[in-house]
Amino acid sequence: MTKPHHRLLLLLLLLWLSGLAPAQEQELPPAPSPQLDLTMEERAWLEQHPRLRLGIDPGWPPFEHVDKHGRHSGISAGFTNLLEQALGISMEVTRKASWTDSLSALEAGEVDLLPMVTPTPERSRHMDFTHAYLSFPAVILTRLGADYVGQLADLSGRRVGVGEGYITHDGLLEDYPDIEAVPFASVRGVIGALQSGAVDAALINLAAASYLMQHGEAEGVKIAAPTEYSFDLAMGARADWPLLVSILDKALASIEPAERAAIKSHWINTRVAQPADLLRYAIWAAAVVGSLLLTLGLFVVWNRQLNRRVREREMELQQQADQLRERIKEQRCLYGFSSVLDQAELPLAELLEQAVAVIPPGWQYPEITQAQISYESLCAATPGFRETDWQMSASVAVRGETAGHIRVVYLDARPHADEGPFLTEERALITELAKQLSRAIERWLDDQELRARNASLQRRAELLLEAVTEGVFGLDLDGKVTFVNPAAAKMLGYQVDELLGQPMHALVHHSDADGNPYPAERCPMRKTVQLGITHEVDDEVLWRRDGSTFPAEYSSVPIALEGRTVGSVVVFRDVTARREAAQTLALQQEQLRFSKEQLGYALEVTGQGVWDWRVDAGQVRHNQRWCELLELDDSYLEHDRALLSDLIHPQDRERVLGSIEEALNVGTPYQSIHRMLTGSGQTLWVEDHGQVVQRTDDGKPLRMVGSIADITERIEAEEAMVKAKEIAEEATRAKSDFLANMSHEIRTPMNAILGMSHLALGTELDAGDREGATRIAHTLKGLAGNLGATALQQQAAALEAATGAAAPAADLAVQLQAVEQQLAPLLRALAAAEPAPSSVPADSGVPTDPAVLAPLLDQLEGLLADDDADAVMVLEELRPLLAGTPQEHAARQVAKAVERYEFDEALEMLGDLRQSLQRVDRGTASQPKLH
């Protein structure tokens, strides 16, 4: 049973709550239609469903619960009764053990309607909701004497009781993971756990808290602070009955405000009866037992004691009421301060000015309270602020360092409270204000930095768009231009302002390359916006303002915001120059391919091997012909550089490597004639040419290419020619020695023959003289043959023939005179001990006199230099003169080059021919100079 002084305390508290609850209730406006106006379809539906099954929360007074008689009671019962009357149907409660059981029953189809439920996205998957017809805030309850709690964040790390499945339960789990939410099946269970200390605080509906306090079920519990949560109560119906929600909305809208107020007042604003007049009961008792004076005296004494205790309790209750008013002021101050600080768009100085103005009303004596906020160089204060002896302050820490203070002063002295004239709760309040200000300044600084970064990024983006040479523009969902860079406008022939807000397809993409219309629904740019798919296009044209087109390739990329496509970005480029370059490149590649083929044919004809040396990697590659020349298999097509050195003849290796090193370092072309060793161990003479074709920026060689040709036959021919010449010269020297030794012996008979020839020329020849002349001719013929004097031998043969043919003396004299003319120089040569002139055999390897060849070679060189095909005619004259010599083959190669119109190659070959002729003419016996 409730004690009288406890009942008086509850009375005062409920009086306050009865005035507070209506003020905090937030009724949502009813649906537009104030009268019940059902459609034919809705009325037919009601006829088909005259009975609805209700699911309720059996332990949630005053909203809904099951009373001691087992009946549905509370606010929801009042509203369902009115709906039954308005709709002509019955609503029967399906009893469930808890609220979560009722929710599960509706999901399973066992219940048709929840008359009082807060809509959430999770619940909307299983039910449809009417408009919310009641709304009450959720509050924090703590035990009397508990520490100050101003907001839910103050309960971090503590246990908080909540109704299982209530909106407050879900809210704590999602928004405050640091708070341990302890669910209970009913609000009475929550209050009981708070009273017993099983939880540190409770989070329940304000109306439910008021009801339990009014009925004495929440002793030792106080309302500590409001929260951001509220119970916006609606009716939840099965998702497969959409007409029921429409019907209920109309029925709820038809309920009169007076009827609504009556239901709420009955359950929320109930007043507890005033305590009975104890004195009156005492007088009545005294009248009944008037004769018992002693009893009456005792009762008076007891009554006085009771009155004293009542007065004490009234004072205690007044103190609690004063404390509650102070807590309300503190909460209002805290929320007002927080609301001001949420205005992040304000300059910081203005933010501080507005924040400092809401501080004084939160203190116990607001009429003499002044406040000041300082942060770095900023300072904001209420108009009457000044330093006094009665002040308190809290530091404002920004990013870990003290950057300012909040100061609160009393202008006049006040009685000592907990901390000078200030309350302990006011110390907690100013500390909380400082924390909020710290967070707000940090948010403001972060926002300013973010704004600055965004501005910088935006400027960078603008600069980037201006700098890129490719065209860039953005499109909205209607295909209109939202931004465009200068490069795009220039390529399209517009100014930037002329394109903004315009439909881009109609301006630049309306037709294809042939001028045929290009429907917008086929446009990849448009599809990107509609389907949210990236498109890459490289075979279309864009139209300029002047009506001309250019081939373009573009990328169209969707812009998504929160999973929804809001536009696209298109990047395009004019590929005219690139396509022309591609065509040029293709032509050049074709020409290069043809040149390679021609080079391949030339190398095949000449039989040359090709090598490619990657200097930096030390690797050398070859063609097939190179391996064939050196009798190597295909494994040598690519090998290490050291192997190439091993293939050079040891006697030539140092000289060849030196020439290669010179070509690498100096940059001169590499040329060498040297010997190489074949795979079978044979020696091969090669003519090797190369050139560095690639270097680094600082001049280091990277790549060197070249070719080799087998010149073994040429070298052997030249060596044979030199040997033949040496043999001829040796024979000439032997002949000279012989003639020098025999000149005396030959000169005497030759003089006699000469004298006899003169005598015969002066006489008529008889038969004896003719026989003598015949012997002379025969002797001269033999002598000429021995000496190699061909002309004399021929004249002697003619003289012998003349004498044998009995020619007239005159004719014989003529023949003798001819012999004398041939004999005279021979005799002079013999006298000088020199070899007589002789004819050179045609196969001796010695070419025609250079004096004869030089004019032809000069003429041929001039024609080749002018790319004149008449060079063939000169070659026809030249080749017979070189018949039987090694140079004849070279002349034929020159002729073939001219026939292929490769005049530069023919000119180079002619130079080699000249050098060969010059070496033969000089009679050089040594090996050609190697490079």
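Since the model is a prediction, treat every value here as computed from it, not as a measurement.

### So, the environment of Ser-377
- Along the polypeptide, Ser-377 turns up in the loop between β13 (369-375) and β14 (378-381).
- Each C-alpha atom of the pair Ser-377 and Ala-403 lies 9.5 Å from the other, and the pair is 26 residues apart in sequence.

### Considerations on unusual backbone geometry
- Following Pro-61, the chain continues to Pro-62 via a peptide bond in cis, the omega torsion being 5 degrees.
- Even without glycine at this site, Arg-399 takes up a positive phi of about 55 degrees.
- Of note, Arg-399 is situated in the loop between β15 (391-398) and β16 (401-410).
- One non-glycine residue with positive phi stands out, namely Glu-631, at about 55 degrees.

### Examining the packing of aromatic side chains
- Per the counting criterion, the structure on display carries 13 aromatic pairs.
- Judged by centre distance (5.4 Å) and plane angle (55 degrees), the ring pair of Trp-60 and Tyr-166 falls under tilted. With Trp-60 in strand β2 (residues 59-60) and Tyr-166 in the loop between β9 (159-163) and α5 (167-175), this residue pair connects regions lying 106 residues apart in the sequence. Note on accessibility: Trp-60 and Tyr-166 belong to one class, buried.
- Residues Phe-63 and Phe-136 carry aromatic rings whose centres are separated by 5.4 Å and whose planes lie at 65 degrees to one another, so their mutual orientation is edge-to-face. Placement of the pair is Phe-63 in the loop between β2 and β3 (64-66) and Phe-136 in strand β8 (residues 134-143), with a sequence separation of 73 residues.
- Judged by relative accessible area, Phe-136 falls into the buried class, the value being 2%.
- Each member of the aromatic cluster is reached from another via a ring pair, and the members are Trp-60, Phe-63, Phe-136, Tyr-166 and Phe-231.
- Of note, Arg-238 hangs over the ring of Trp-241, and the distance from its end group to the ring centre comes to 4.0 Å.

### So, the sheet that holds strand β17 (residues 471-475)
- If you trace the 5 strands from one edge of the open sheet to the other, you get β18-β17-β21-β20-β19, paired in antiparallel fashion. The outermost strands of the open sheet, each flanked by one partner alone, are β18 (481-484) and β19 (535-543). Shown here is a sheet whose adjacent strand axes are inclined to one another by a mean of 30 degrees, direction ignored.

### Thoughts on the confidence of the model for the protein chain
- Mean pLDDT over the protein chain: 79, with 77% of residues reaching 70 or higher.
- Scored below 50 in pLDDT, residues 270-285 makes 18 contacts in the model with residues more than four places away or belonging to other chains.
- Contacts for the low-pLDDT stretch residues 924-931, under 50 throughout, to residues beyond four places or in other chains number 14 contacts.

### Some details on α5
- Of the residues making up α5, those classed as buried are Ile-167, Thr-168, His-169, Gly-171 and Leu-172.
- Looking at the packing, one finds that the buried side of α5 touches β8, β9, β10 (180-184), β11 (201-205) and β12 (221-238).

### Considering the pairing of strand β21 (residues 564-574)
- Both β17 and β21 contribute to a ladder of 5 bridges, which runs antiparallel. Along β21, the bridge assignment pairs Gly-474 with Val-569.
- Here strand β20 (residues 549-561) pairs with β21 via 10 bridges, running antiparallel. Paired with Ile-559 across the strands is Gly-567, a residue of β21.

### Here we look at the pairing of β11
- Burial of β11 is extensive: 5 of the 5 residues sit out of reach of the surface.
- Sheet analysis places β8 next to β11, joined by 4 bridges and oriented antiparallel. Bridge pairing in β11 places Ala-138 opposite Asn-205.
- One ladder, built from 2 bridges, connects β9 with β11; its direction is parallel. Paired with Val-160 across the two strands is Ala-201, which belongs to β11.

### Digging into the sheet that holds strand β25 (residues 670-677)
- Across the sheet, 6 strands lie side by side as β24-β23-β22-β27-β26-β25; this open sheet has antiparallel pairing. At either end of the open sheet lies a strand with only one pairing partner, and these are β24 (638-640) and β25. Adjacent strand axes in the sheet meet at a mean angle of 25 degrees when their direction is disregarded.
- Looking at chain direction, β25 and strand β26 (residues 683-695) are connected through 8 bridges and run antiparallel. Bridge pairing in β26 places Gln-671 opposite His-689.
- With respect to the sheet, helix α21 (residues 650-666) is in contact with β22 (609-614), β25, β26 and β27 (701-710), its orientation differing from that of β25 by roughly 150 degrees.

About the thresholds
For every chain, the first residue of the written sequence is number 1, and numbering continues from 1 onward in sequence order. With the structure being a predicted model, the display of local features is reserved for residues of pLDDT at least 70 and the display and counting of side-chain atom pairs for 80 or more, all residues being used for whole-chain, interface and lining totals. Only hydrogens and water are set aside when side-chain values are computed; all heavy atoms of the structure are taken into account. Every helix listed is a DSSP run of H or I at least four residues long, and every strand listed is a run of E at least two residues long, numbered separately from the N terminus. What counts as a ring pair is set by centres within 6.5 Å for rings of Phe, Tyr and Trp (its six-membered ring), and what kind of pair is set by the plane angle: stacked under 30 degrees, edge-to-face over 60, tilted for all other angles. Throughout, exposure labels follow a simple rule: accessible area from a 1.4 Å probe, protein chains only, divided by the maximum for the residue type, with under 20% read as buried, over 50% as exposed, and the rest as partly exposed. Consider the ring centre and the ring normal. A charge sits over the ring if Lys NZ or Arg CZ is within 6 Å of that centre and within 35 degrees of that normal. At least two bridges found by DSSP between two strands are what make those strands a pair. Angles shown run from 0 to 180 degrees and are taken between the N-to-C directions of axes, each axis being a line fitted to C-alpha atoms and, for helices, limited to the stretch in contact. On a scale of 0 to 100, pLDDT captures the predictor's confidence in every residue. Any two residues whose heavy atoms approach within 4.5 Å at even a single point are treated as in contact.

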